[in-house]
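# Structural description and commentary
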Amino acid sequence: MALLYRFVKLQDRAHSHVFTFVVTRSVTRDLERDVTSKEFTCGHQRWAITFSRTDKVLGVYLVWKSISEFIRVYVDFSFTLLNREHFSVNESFTGKQVKFTAESPAQGNRNYISVNDLYARNFTDPNGEFQLELSMGHVRTAFDSEFRIPTSFLGHHLSHRGHHHHGAVPTSTLTNIKTPSGTVTKVETSYFSFAGFDWNIALYPNGIKEAHGSNENRLAIYLNRCTGFDHQCRVRYSIILGDTENRLDSGIVDDVSDSEGKSYGWHPRGKYADLVRKGAIKIHVELILANTLSEVVSNITFQPIPPNTTNQNVNHGVTATSVISQCYDRDKQGWSIKCDCHSESIRIHMVFKDIQNVPRNHLRYVNWTAYVLRFHGKAGPVEPVPLPGAPFSHYYAQDSSDEGIIMETDVAVKQLRDTNCPFLTEKNQIRVQIEWEESYLLFQATYHKYDDVIRLHNQQMRKEIATLQAENYSLERQLFSYQKSIAFAHSRGTYSDDLTLEDGRPEDDEQYFEGGDYSLGDRSLSTDTEYA
């Protein structure tokens, strides 16, 4: 099967991603094996699509590839076979918040379309190839575990609540860390995978400040990154701690995992003893985001402008220059970043240095957000200020060099002369941060960012037409129901405004479901026939 062919991100409420695959005729002719696509990422998870062939019927499945024990992934997805004559006869099926687990990693439709219909209904071209569209959105990743608290640590709290549990649960480990100020107790969950990294959750029942003589006895929870220390990582998550009436909810936490995998953590106002049930504290984590960060430093130098220079109004008597800094994205591709100070405001010039590494006849789509760091005093917090127009994206095809992209900032060059400029360090440096959000390798190098507009409009119109068709069908059903109720009332010689069905149920209670012979939800698919 061909590589990932096209991609477009729809900025709707679901943040949908649409992937289009070119499917070769080997899918319909090779009866001995299933055919699986190359992997791609969506919602910080790795996926693939696979086809099965049984009894002249073609099946298609979405397969979760980054399987991790005790992780559950929920996703809205839709498969659409694109008809070569008219979009109204496309063949589609949809699943809402479909659950993927280690025991059930593939979900789809085993009887999607017959091979004969594939050809007869004009889905294939003369070469037997066809296009399949996959839309994905609302990808949610959840991790459930529990912290096992030993009897010696809980004391009398355990004796009141019992000490047993049922079924397989993730393991947790307890560690006592000796420090000069005392011993700190830490309980950690088992490892899990998200966004290509391994993580775990650490609970400090009495906090970590007790090591410094504090008696606050305040909980501390940390999301620890255990692999991939080449970058910092911006993370977003939410935690529910405990399952009693005293359970604690963090809400959405924005955090940074540093180059050692440590984070700022969550420090709720609560006591571990109030959360213990049956000798354990349950924890539920929703993992939302994990984007790697690259940070570069540009040294700013000021050079006097000769007195006879007439154009002195821009930078007030000085010109600022900066050196080029190098960084690498998550795919270990090189970039150069330079602060351009030759206009009224600072501009960031970003160049893809490894553009020659893009495979021939392919595109590399890269999406990122750039920040300039603002300092709030020597001991104050550091605030990343996003550049106007972020996020940025670009398509890169193989070339000898990249001209680069200019990103404007709101920082005036004249501010650099101020000794208290919040964007300069003590060493006259500007720190720029790049958050790498998405990167896809796409098949064929003839696509351009302007083509995204057409694809976006196409998706929007099809979605709007489908909504109108559904509304029209609902109105037709209501009309038919009214006509049936009126006919029933006339046949009995009475008429009532209380329109009900013949069995006495109100019309609104009638449910409609357009069935399909496919497996969605928690049911497991047969791995030997459903996916390769």
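Scroll up to find the structure.
Just so we're clear, the structure is a prediction, and the values are computed from it rather than from any experiment. (Residues numbered from 1 in each chain as written. Predicted model: local features only at pLDDT ≥ 70, side-chain atom pairs only at ≥ 80, totals over all residues. Heavy atoms only, no water.)

### Quick notes on unusual backbone geometry
Residue Pro391 is bonded to the preceding Ala390 through a cis peptide linkage, with omega at 0 degrees. Within the element layout of this structure, Pro391 appears in the loop between β24 (382-386) and β25 (392-397). Positive phi, normally seen in glycine, also occurs at His138, with a value near 50 degrees. Structurally, His138 is set in strand β10 (residues 130-148). The exposure class assigned to His138 is partly exposed, which follows from its relative accessible area of 41%. (Helix = DSSP H or I, 4+ residues; strand = E, 2+ residues; numbered from the N terminus. Buried < 20%, exposed > 50% of the residue type's maximum accessible area, 1.4 Å probe, protein only.)

### Section: the side chain of Asp402
Structurally, the position occupied by Asp402 is in the loop between β25 and β26 (405-412). No salt bridge forms around the buried Asp402; measuring N to O, its nearest opposite-charge neighbour Lys353 is 8.8 Å away. Within the structure, the side chain of Asp402 is placed 3.1 Å from the backbone nitrogen of Gly404, a separation counted as a polar contact. If we skip the residues at most four places from it in the chain, Asp402 touches Met350, Val351, Phe352, Ile355 and Tyr396. (Lys, Arg positive; Asp, Glu negative; His and termini not counted. Salt bridge = Lys/Arg side-chain N within 4 Å of Asp/Glu carboxyl O. Polar contact = N/O pair within 3.5 Å; in protein donor to acceptor, adjacent residues only side chain to side chain. Contact = heavy atoms within 4.5 Å.)

### As for the environment of Tyr191
Looking at the element boundaries, Tyr191 is found in the loop between β12 (182-189) and β13 (192-194). Looking at Tyr191, the relative accessible area reads 56%, which means it is exposed. Separated by 123 residues in the primary sequence, Tyr191 and Ser68 place their C-alpha atoms 8.8 Å from one another. Discounting chain neighbours no more than four positions away, the residues touching Tyr191 are Trp199, Asn200 and Cys226.

### Looking at a nonpolar patch on the surface
On the surface, Phe87, Met461 and Ile465 cluster together into a nonpolar patch covering about 270 Å² of accessible area. Following the sequence through the fold, Met461 ends up in helix α5 (residues 451-491). (Patch = residues over 30% accessible without salt bridge, like charges linked within 9 Å, V, L, I, M, F, W, Y side chains within 5 Å. Areas by Shrake-Rupley, 256 points an atom, 1.4 Å probe, with all protein chains shown as cover.)

### Quick look at the packing of aromatic side chains
Under the counting rule described, the total for this entry stands at 21 aromatic pairs. Each ring, one from Phe21 and one from Phe40, has its centre 5.7 Å from the other, and the planes form 55 degrees; the classification is tilted. Residue Phe21 is located in strand β2 (residues 17-23), and its partner Phe40 is located in strand β4 (residues 40-42); the two are separated by 19 residues in the primary sequence. A relative accessible area of 3% means that Phe40 is categorised as buried. Three or more aromatic residues joined by ring pairs form one cluster here, namely Phe19, Phe21, Phe40, Tyr365, Tyr395 and Tyr440. Seen from the ring of Phe197, Arg225 lies directly overhead, with NZ or CZ sitting 5.2 Å from the centre. The ring of Tyr371 is capped by Arg234, whose NZ or CZ atom sits 4.9 Å from the centre of that ring. (Phe/Tyr/Trp six-rings, centres within 6.5 Å; stacked < 30°, edge-to-face > 60°. Lys NZ or Arg CZ within 6 Å of the ring centre and 35° of its normal.)

### Here we look at the sheet that holds strand β21 (residues 334-340)
Read from one edge of the open sheet, four strands run β20-β21-β22-β26, paired in antiparallel fashion. Each edge of the open sheet is held by one strand with a lone partner, namely β20 (325-328) and β26. Here the strands of the sheet are splayed against their neighbours by 25 degrees on average, with no regard to which way each runs. Judged from the six bridges that link them, β21 and strand β22 (residues 345-352) form a sheet pairing that is antiparallel. By the bridge assignment for β22, Ile337 is matched with Met350. (Pairing = 2+ DSSP bridges. Axes fitted to C-alpha atoms, helices over the stretch in contact; angles between N-to-C directions.)

### Remarks on the nonpolar core
Taken as a class, soluble globular proteins show a tendency for nonpolar side chains to be buried jointly. Ranked by size, the top nonpolar core spans 68 residues in total, and within it Trp47, Leu62, Phe77, Phe79, Met136 and Leu241 carry the most contacts. Dropping the residues within four chain positions of it, Leu241 is found in contact with Phe147, Leu219, Ile221, Arg247, Leu248, Trp266, Leu275, Ile281, Lys282 and Ile283. Of all hydrophobic cores here, the second largest spans 32 residues; its members include Ile337, Ile346, Ala370 and Phe423. (Core = buried A, V, L, I, M, F, W, Y, C linked by side-chain atoms within 4.5 Å.)

### Some words on the pattern of salt bridges
Opposite charge on two side chains permits them to pair, given that their charged atoms come into close proximity. Throughout the structure, instances matching the rule amount to 20 salt bridges. Residue Lys186 is joined to Glu188 by a salt bridge in which the shortest nitrogen-to-oxygen separation is 3.7 Å. Here Lys186 matches Glu188 in class, with each residue buried. Glu408 is paired through a salt bridge with Arg347; the nearest N and O atoms lie 4.0 Å apart. Within this pair, whereas Glu408 is found in strand β26, its partner Arg347 is found in strand β22, the two being separated by 61 residues in sequence. Its relative accessible area of 24% is what places Arg347 among the partly exposed residues. Within this structure, Glu91, Asp117 and Arg121 form a network of salt bridges that share partners.

### A look at the pairing of strand β7 (residues 71-81)
The element β7 is largely enclosed, with a buried count of 10 among its 11 residues. Pairing geometry for β7 and β10, over 10 bridges, is antiparallel. From the neighbouring strand, Thr80 faces β10, where its bridge partner is Glu133. With eight bridges connecting them, β7 and strand β8 (residues 91-100) associate as antiparallel partners. The residue bridging Val75 from the neighbouring strand is Val98, located in β8.

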